[in-house]
Amino acid sequence: GIQARARAGDAQTLEALEAALRSFDGCPLKATAMNTVFADGNPQARVMLIGEAPGEDEDRQGKPFVGVSGKLLDRMLAQIGLDRSAVYISNILPWRPPGNRSPTQAEIAACLPFLERHVELVRPKLLVALGGVSAKTLLNRAEGITRLRGQWRTYEVAGTPVPLMPMLHPAYLLRNPIAKREAWRDMLALQQKIAEEGIK
Ligand code: URA
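The structure presented is a predicted model; accordingly, all values stated were derived computationally and were not measured.

## Brief notes about the state of the cysteines
Logical step 1: Within this structure, the stated rule accounts for 0 disulfides.
Logical step 2: Here C27 stays unpaired: no disulfide links it, and the sulfur of C111, its closest cysteine neighbor, is 3.5 Å away.
Logical step 3: Under the relative-accessibility criterion, C111 is labelled buried at 1%.

Have a look at this one:
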């Protein structure tokens, strides 16, 4: 909403943005969450990964991707020589939806200005959207992740187009291990792009 956009836009640093988010009461998910999950990894990294929302472990620890999905994500990153010091990680939503249900459009819309400002302040060179909620939200597209993944797309950061790769969510890969083939291809595309742009 308007209030979120004004508050997020006022933040000139990541610290200020996190503080603004922590004191923001415009999203009902905050009431049931234990923690505000802001980010993990290196804010100076050129690669930013954006997931969906905190799960139970993330809500408890206050950090993104620290549960089983996060362990798989770390292994996937390791396969192309990356770890959390080489990337920056956040989510579309900073608060856990009760029982890990899917977030509603209203919940996503309420928080999105903060994530948009978050990306603006980090100014990554490459973006990865993890899962359908993240990909659809960032690209403003209706197709599902199986359609969107596997091709570089574009997300505008303060007027500058930044390449964005939609990938299958690690939680999906845990339920559908056969799909790791596609995820592996997308990780190799990321590795290649990093090499091409000379950005590691
Ligand atoms: N799934 C996500 O999308 N994000 C997390 O932080 C954890 C699990």
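More follows now that the structure is in view.
## Some words on unusual backbone geometry
Negative phi characterises most residues that are not glycine, and trans characterises most peptide bonds.
Logical step 1: Its identity as a non-glycine residue notwithstanding, R123 has a phi of 50°, on the positive side.
Logical step 2: Checked against the element boundaries, R123 lands in the loop between α6 (105-122) and β4 (126-130).
Logical step 3: Although it is not a glycine, N140 adopts a positive phi angle of roughly 55°.
Logical step 4: Among the structural elements, N140 can be located in the loop between α7 (132-139) and α8 (145-148).

## Overview of the confidence of the model for the protein chain
Logical step 1: Per-residue pLDDT for the protein chain averages 97, and the proportion of residues at 70 or more is 100%.
Logical step 2: Here the predicted complex carries an ipTM of 0.93, next to a pTM of 0.97.

## So, the UniProt feature "domain: Uracil-DNA glycosylase-like" (unreviewed entry) in the protein chain
Logical step 1: UniProt tags residues 38-188 as "domain: Uracil-DNA glycosylase-like" (unreviewed entry).
Logical step 2: This span, residues 38-188, is 42% helix and 20% strand, and a straight line between its end C-alpha atoms measures 27 Å.

## Looking at the nonpolar core
Logical step 1: Core analysis: the biggest nonpolar cluster contains 62 residues, and L49 and L190 have the highest contact counts within it.
Logical step 2: Of the residues forming this core, the biggest block, 8 residues, is contributed by α6.
Logical step 3: The residues contacting L190, other than those within four sequence positions of it, are V47, I80, L126, V128, W152 and M167.

## So, the sheet that holds β4
Logical step 1: An order of β1-β3-β2-β4-β6-β5 is seen for the 6 strands of this open sheet, with the pairing classed as mixed. Edge positions in the sheet fall to β1 (40-41) and β5 (153-157), since each has one partner strand and no second.
Logical step 2: Sheet topology places β5 next to strand β6 (residues 160-167); 5 bridges connect them, and they run antiparallel. Each residue of the ladder has a partner; that of T154, found in β6, is P163.

## Some thoughts on the site of the ligand
Logical step 1: Close to the ligand lie G51, E52, A53, E58, P64, F65, N91 and H169.
Logical step 2: One of the backbone nitrogen or oxygen atoms of E52 is found 2.8 Å away from an oxygen atom of the ligand.
Logical step 3: Within the side chain of H169, one N or O atom sits 2.7 Å away from an oxygen atom of the ligand.
Logical step 4: In the complex, the protein chains occlude 93% of the 240 Å² of accessible area that the ligand would expose alone.
Logical step 5: For the shell around the ligand, the class distribution of residues is 3 nonpolar, 3 polar and 2 charged.

## Thoughts on the environment of K30
Logical step 1: Topologically, K30 is positioned in helix α3 (residues 29-32).
Logical step 2: Given the relative accessible area of 19%, K30 is considered buried.
Logical step 3: C-alpha separation for the pair K30 and P94, spaced 64 residues apart in sequence, amounts to 8.4 Å.
Logical step 4: Sequence-distant contacts of K30, that is, excluding residues within four places in its chain, are made with L21, R22, S23, F24, D25 and W95.

About the criteria used
- Residues numbered from 1 in each chain as written.
- Predicted model: local features only at pLDDT ≥ 70, side-chain atom pairs only at ≥ 80, totals over all residues.
- Heavy atoms only, no water.
- Disulfide = S-S within 2.5 Å.
- Buried < 20%, exposed > 50% of the residue type's maximum accessible area, 1.4 Å probe, protein only.
- Helix = DSSP H or I, 4+ residues; strand = E, 2+ residues; numbered from the N terminus.
- pLDDT = per-residue confidence, 0-100.
- UniProt positions renumbered as here; feature names shortened; annotations may be inferred.
- Core = buried A, V, L, I, M, F, W, Y, C linked by side-chain atoms within 4.5 Å.
- Contact = heavy atoms within 4.5 Å.
- Pairing = 2+ DSSP bridges.
- Near = heavy atom within 4 Å.
- Polar contact = N/O pair within 3.5 Å; in protein donor to acceptor, adjacent residues only side chain to side chain.
- Areas by Shrake-Rupley, 256 points an atom, 1.4 Å probe, with all protein chains shown as cover.
- Nonpolar A, V, L, I, M, F, W, Y, C, P; charged D, E, K, R; others polar.

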